[in-house]
Amino acid sequence: MQTLAQDLRYALRTLLRSRGFALTAALTLAAGIGANTAIFSIMDAVLLRPLPYQNPDQLVRLYETEAAPGKYPFTGPDFLDWKSQNSTFSDMTLYSWPSDMNLSGQGQPDPVRAVPTESNFFSLLGVTPVLGRSWAQGEDQPGKDDVVILSYALWQTRFGGNPSVVGQVLELNARKRTIVGVMPAGFSFPADARLWIPLDMSGKGLGERGSHSYNAIGRMKPGITVQQAHADLSLIAARLEKAFPNTNHKVSAIVVPLQDDLAGKSRTSLLMMLAAVGLVLLIACANIANLLLSRAVGRQKEMAVRSSLGASRIRLLRQLLTESLLLSLVGGSLGVLLGWGLIALLPKIKSFALPNFNTISLNGSVMLFALGLTVLTGILFGLAPALQAARPDLFEELKGGAGSSISPSRGRRLMSNGLVVGEIALSMILLISAGLLLKDLVRVRGVEIGVRREGLWTGAVQLPEAIYKTEQQRAGFAQQLLDQVRKIPGIQTASLSDRLPLEGGSNYYVQLRGRVSQKMSGPLVESHRVTPEYFRTMGIPVLKGRLPTATDTRNAMELDTRRREAWEKGSQLPAEQRNLMVYATVINATMARTLWPDEDPLGRMFSGGGGDENGPWRQVVGVVGDVRQWGLTEKPQPEAYDSLYAPSRVFLTLHTNVPPYSIAPAVRRALAGIDPSLALYRERTISDVVDDNSKGQRFLSSLVGSFALLAALLAAIGIYGVLSYVVTQRTREIGIRMSLGATRLRVLGDILRQGMSLAFVGFGLGIAGAFAMGRVMASLLHEVEPDDPLIFLVTAAFLALVTLLACLLPARRAARLDPIRALRYE
């Protein structure tokens, strides 16, 4: 320990004497370690740290399969059967999708996201409220469900953190509910939930078997594996398929660990980001190693003297590594501070789109990672220079000949050149990866989504069931809203729909008239409900036939009323009546090509969404252009547009000839004039919808792109440093050559050739590495090939230009040397 303390004191004095070098190296390390610490903290929160629930390894997400590929939400009756018949789960719970609701009672109504859940939802997760209680048994049944649980964030913002909030009554969708609890800070499952309400678990509330409308979580019994749970549920699904062949055809089970399900596709993105910052740190280490090699030449005589006085190679090596580790610890400390700042900044970035079920913080694991990375980095950049410096040539150094202190060994030159080549190769890999991601993002954002991108404004309204109880009331509101907003100056057309492009939706299996197939196994078609003006508002072209009319909407409303009345009585309309029921429907071009490839689709009939071979029928009256409904990277699917007449939740879309956001106040006034208890939420333009859909890809591209530019800068600094040192080493040689007639242009070309030859070797290795990296990141690319030649060419040209500039500065200095002064240089 005494020797270590002595080494540390000496190392500190040495670094203080070389403040410029120490500061440069520490800041370079800080950038690399800080970025790695920030990304690892996100990775720790999303992938490594367990979910903040009781025994999280027992929690799984449950899905059903269908005849079509993929995984699907649950039907209510199927869930009840799975829950009652399984032998591998201690409990299961059901919850619905987050729903936007109107929170009234104090001033203007606020839009909030509410999640309906089964009464055992919180107990299954093992989360206890910080105030009050969770659901009591039976509160998920009609008549007992006038209760609500607040999120911590809503409690703070809406109620000022009032500790006596439990027992107060709030108005949610015009229905009074009693606050029974407040959940802990940070709990917002599912994502962005602001409050929770009971889910109607009655048979009528859960709906029909075959309607996939709910999400499910299960808690496996201790010792049960995911494979065992899957086998158990698959047996139950097989029994249900035999019992209900029409609705449960090919319905089986999918069991996914809950953390894997929540992390989703973010795992690949996080690994990509961690690889990018890792490469940046490697480049930083190579830079510092080159700096240390340069310093080692100036310390050769010192090492020779110490060696001649009895210091062993191990002793010299330990001293030099102590200096490297001390330097690394300084850089690591600054890096942790930088990482802390980045951790605070990242979640505030608009495009940040990673799961947040665990708090991103500098916890013990992250600090341990930063410490380990710091120590490893110190050894990594310090070992090779230390090995070189700890082997001095005693004869040459102690002889004291001119130039002995500035003439590097061949091995040292090879190592320095190799580090520069490695830096350039790693930079090339990062730049090409960033270029591929950026080009893919640009292309994805520029894909044809099927609707106009300019002049479209949207907002959503949720109608409270407590006020708008009948279809006539909801239909009246919808018509009144359209009439009022059409009076606003600048509005060209207005329409209503049940969802927006790019944001998903619902679907159903169809049966074609005259082609009998087993129910739930026919073609799968997306379902969309719109008012007649929707297509003109959105700019969707009509390819064949006509658009829906007000008469079609009235007919659909009458037919649906007859079907609903029969269902409420527990019966079904006779087949002959259903066979006479015909809805006018518009389909997209993909559906026309898929279902009637060589026929005219106009006049064709199909049933679906509760229909069978006896109807009711949808008759194709028009064909419109394709629209991407499931995201920018998903191709258009077969889709049918039905009439929207009595919505409970509706998206208002306006086509304007004025700036879209300028009409928002007028729309809010129009809504308040109709019903002041309603909130207008999710006010956006279609450009905003595109941004929301691509924010995860935008975040990854911008982050990797930033790291790539930093890597290119570090590589340029590295090659500049090496060539500057080469010029210093060759000062006398250059003076002699110029005295013998060498021109300044010849000297300039000499130095440039030396630097660019290293660069081109690095380019070759980098391009080979980029090809391999492209195969790894292929799953992140949608509109670009991983070996896109343009990206490779542009990246190589950019890095060549950066490298040339880095080479030019020391080359110009060499060409401007005064031969007389150069000959006297020692």
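Cut-offs used in this document
- Residues numbered from 1 in each chain as written.
- Predicted model: local features only at pLDDT ≥ 70, side-chain atom pairs only at ≥ 80, totals over all residues.
- Heavy atoms only, no water.
- Helix = DSSP H or I, 4+ residues; strand = E, 2+ residues; numbered from the N terminus.
- Buried < 20%, exposed > 50% of the residue type's maximum accessible area, 1.4 Å probe, protein only.
- Contact = heavy atoms within 4.5 Å.
- Areas by Shrake-Rupley, 256 points an atom, 1.4 Å probe, with all protein chains shown as cover.
- Lys, Arg positive; Asp, Glu negative; His and termini not counted.
- Charge placed at Lys NZ, Arg CZ, Asp CG, Glu CD.
- Pairing = 2+ DSSP bridges.
- Core = buried A, V, L, I, M, F, W, Y, C linked by side-chain atoms within 4.5 Å.
- 1 Å grid on protein atoms, 1.4 Å probe; cavity = no way out; pocket = protein on both sides within 12 Å on 5 of 7 lines; lining within 4 Å.
- Points joined across faces, edges and corners; volume = space filled by probe spheres on them.
- Nonpolar A, V, L, I, M, F, W, Y, C, P; charged D, E, K, R; others polar.
- Expected span 1.5 Å × (residues − 1).
- Salt bridge = Lys/Arg side-chain N within 4 Å of Asp/Glu carboxyl O.
- Polar contact = N/O pair within 3.5 Å; in protein donor to acceptor, adjacent residues only side chain to side chain.
- Axes fitted to C-alpha atoms, helices over the stretch in contact; angles between N-to-C directions.
- Parallel < 35°, antiparallel > 145°, perpendicular 65-115°, else oblique.
- Left-handed = near helix turned anticlockwise from the far one by under 90°.
- Patch = residues over 30% accessible without salt bridge, like charges linked within 9 Å, V, L, I, M, F, W, Y side chains within 5 Å.
- Bend = angle between axes of the 7 residues up to and from the residue.
- pLDDT = per-residue confidence, 0-100.

Asks: So, the overall build of the chain: which residues are in play, and what are the values?
Replies: Assigned secondary structure in the chain consists of 25 helices and 22 strands. In terms of its C-alpha atoms, the chain occupies a principal-axis envelope of roughly 110 × 60 × 55 Å. In the chain, which comprises 826 residues, the share counted as buried stands at 54%. When contacts within the chain are restricted to residue pairs at least 6 apart in sequence, those whose partners lie at least 24 apart make up 81%. As displayed, the chain has an accessible area near 35900 Å², and 58% of this comes from carbon and sulfur atoms. Once the 86 positive and 67 negative side-chain charges of the chain are each reduced to a mean point, those two points are 11 Å apart.

Asks: Got a sec to walk through the pairing of strand E18 (residues 605-608)? Specific residues and values, please.
Replies: Burial along E18 is two-sided: the face carrying Met605 and Ser607 and the face carrying Phe606 and Gly608 are both buried. Note: strand E14 (residues 506-512) against E18, 3 bridges, orientation antiparallel. When the bridges of E18 are listed, Val510 appears paired with Gly608. Taken together, the 2 bridges between E18 and strand E19 (residues 617-624) define a ladder with antiparallel strand orientation.

Asks: How would you sum up the nonpolar core? Please name residues and give values.
Replies: Within the largest apolar cluster, 100 residues are counted, with the highest numbers of intra-cluster contacts made by Tyr53, Leu125, Phe187, Phe189 and Trp196. What Leu125 contacts, discounting residues up to four positions off in sequence, is Tyr53, Gln54, Leu59, Phe187, Phe189, Ile217 and Arg219.

Asks: Could you give an account of empty space enclosed by the protein, naming the residues involved and the relevant values?
Replies: Taken as a whole and assessed by the stated rule, the structure comprises 2 cavities of 30 Å³ or more. Sorting elements by how many residues they give to the lining of the second largest cavity places strand E17 (residues 582-588) first, with 3 residues. Residue composition of the lining of the second largest cavity, grouped by class: 3 nonpolar, 2 polar and 3 charged.

Asks: Go over helix H17 (residues 550-568) with me, naming the residues and quoting the values.
Replies: Between its first and last C-alpha atoms H17 spans 27 Å; for 19 residues at 1.5 Å apiece the expected length is 27 Å, and the two agree. Those residues of H17 not exposed but buried are Asp552, Thr553, Ala556, Met557, Leu559, Asp560, Thr561 and Ala566. Buried-residue contacts for H17 involve helix H15 (471-485), strand E15 (524-530), E17 and strand E20 (639-643).

Asks: Mind laying out the pairing of strand E6 (residues 147-150), listing which residues take part and the relevant values?
Replies: Side chains Val147 and Ile149 project from E6 onto one buried face, and the interleaved Val148 and Leu150 project onto a second face that is buried too. Of the pairings in the sheet, the one linking E6 to strand E8 (residues 175-182) comprises 4 bridges and is parallel in character. Bridging across to E8, Val148 finds its partner in Ile179. Across 2 bridges, the pairing between E6 and strand E9 (residues 195-198) is antiparallel. Within E9, the residue paired with Leu150 across the bridge is Leu195.

Asks: Which residues make up the pattern of salt bridges, and what values go with them?
Replies: Scanning the model with the defined rule gives 32 salt bridges in all. Among the salt bridges present, the one from Lys176 reaches Glu171, with a minimum N-O distance of 3.5 Å. Among the salt bridges present, the one from Arg445 reaches Asp691, with a minimum N-O distance of 2.5 Å. Here Arg445, found in helix H14 (residues 410-445), pairs with Asp691, found in helix H21 (residues 686-729); they are 246 residues apart in sequence, far enough to count as distant. Residue classification places Arg445 among the partly exposed residues on the basis of a relative accessible area of 27%.

Asks: Which residues make up the environment of Arg133, and what are the values?
Replies: The residue Arg133 is located in the loop between strand E5 (131-132) and E6 in this model. Remark: the alpha-carbon pair of Arg133 and Ile149, spanning 16 residues in sequence, is separated by 8.4 Å. Residues contacting Arg133, with those up to four places away along its chain left out, are Glu139, Ile149, Val180 and Gly181. A polar atom in the side chain of Arg133 sits 2.8 Å from the side chain of Glu139.

Asks: Please give an account of the packing of helix H2 (residues 19-48) against helix H11 (residues 313-345) that cites residues and values.
Replies: Contact geometry of H2 with H11 gives a least axis separation of 6 Å together with a crossing angle of 45 degrees. The pairing of H2 with H11 is recorded here as oblique in orientation. For H2 against H11, the interelement crossing comes out right-handed. Residues of the contact of H2 with H11, tallied by class, amount to 17 nonpolar, 7 polar and no charged.

Asks: An account of the side chain of Asp675 is needed here, citing residue identities and associated values.
Replies: Within the element layout of this structure, Asp675 appears in the loop between helix H20 (664-674) and strand E22 (681-685). We note that Asp675 is buried and unpaired, the nearest opposite charge coming from Arg474 at a distance of 12 Å. Within the structure, Asp675 has its side chain in polar contact with the side chain of Ser677 (distance 2.7 Å).

Asks: Lay out a nonpolar patch on the surface with the relevant residues and their values.
Replies: Taken together, Leu329, Leu368, Leu371, Val375, Ile379, Leu383 and Leu387 make up a surface patch of nonpolar side chains, about 560 Å² in accessible area. Residue contributions to the nonpolar patch peak at 6 residues, all from helix H12 (residues 364-389). Topologically, Leu368 is positioned in helix H12.

Asks: Before we move on, can you summarise the environment of Arg239 with the specific residues and values?
Replies: Topologically, Arg239 is positioned in helix H7 (residues 226-243). Relative accessible area serves as the criterion here: at 45%, Arg239 is assigned to the partly exposed category.

Asks: Break down helix H24 (residues 789-815) for me, with residues and values.
Replies: Here H24 contains 27 residues, and its C-alpha end-to-end distance of 37 Å stays within 8% of the 39 Å for a straight helix at 1.5 Å per residue. Along its length, H24 shows its largest kink, about 25 degrees, at Leu808, and proline Pro810 lies within four residues downstream of that point. Two or three places before Leu790, at the opening of H24, Asp788 has a side-chain oxygen 3.0 Å from that residue's backbone nitrogen.

Asks: Can you tell me about the side chain of Arg628, naming the residues and giving the values?
Replies: Tracing the chain through its elements places Arg628 in the loop between E19 and E20. No salt bridge is formed by the buried Arg628; its nearest oppositely charged neighbour, Glu783, is found at 4.6 Å. Beyond its immediate sequence surroundings of up to four residues, Arg628 is in contact with Val447, Glu448, Ile449, Pro501, Leu502, Thr633, Glu634, Lys635 and Pro636.

Asks: Explain the confidence of the model for the chain to me, and be specific about the residues and the numbers.
Replies: Predicted coordinates in areas of low pLDDT are best not read in detail. Confidence along the chain averages 85 in pLDDT terms, with 91% of residues attaining 70 or more. Low confidence marks residues 401-407, where pLDDT is under 50. Its contacts with residues over four positions away, or in another chain, come to 15 contacts.

Asks: Pulling in residues and values, what's your account of unusual backbone geometry?
Replies: A cis amide bond links Phe189 to the next residue, Pro190, at an omega of -10 degrees. Turning to its location among the elements, Pro190 is positioned in the loop between E8 and E9. Phi at Lys250 is positive, roughly 60 degrees, even though this residue is not glycine. Relative to the assigned elements, Lys250 resides in the loop between H7 and strand E11 (253-257). Even without a glycine there, the phi angle at Leu502 is positive, about 75 degrees. Here Leu502 shows up in the loop between strand E13 (491-497) and E14. With a relative accessible area of 5%, Leu502 lands in the buried category.

Asks: So, the packing of helix H3 (residues 76-85) against H7: which residues are in play, and what are the values?
Replies: Two numbers describe how H3 lies on H7: the axes approach to 10 Å, and their chain directions differ by 130 degrees. With respect to their mutual orientation, H3 and H7 come out oblique. When you trace H3 past H7, the crossing you get is right-handed. Within the contact between the two elements, H3 uses Asp78, Asp81, Trp82 and Gln85 and H7 uses Leu233, Ile236, Ala237, Arg239 and Leu240. A per-class count over the contact of H3 with H7 returns 5 nonpolar, 1 polar and 3 charged.

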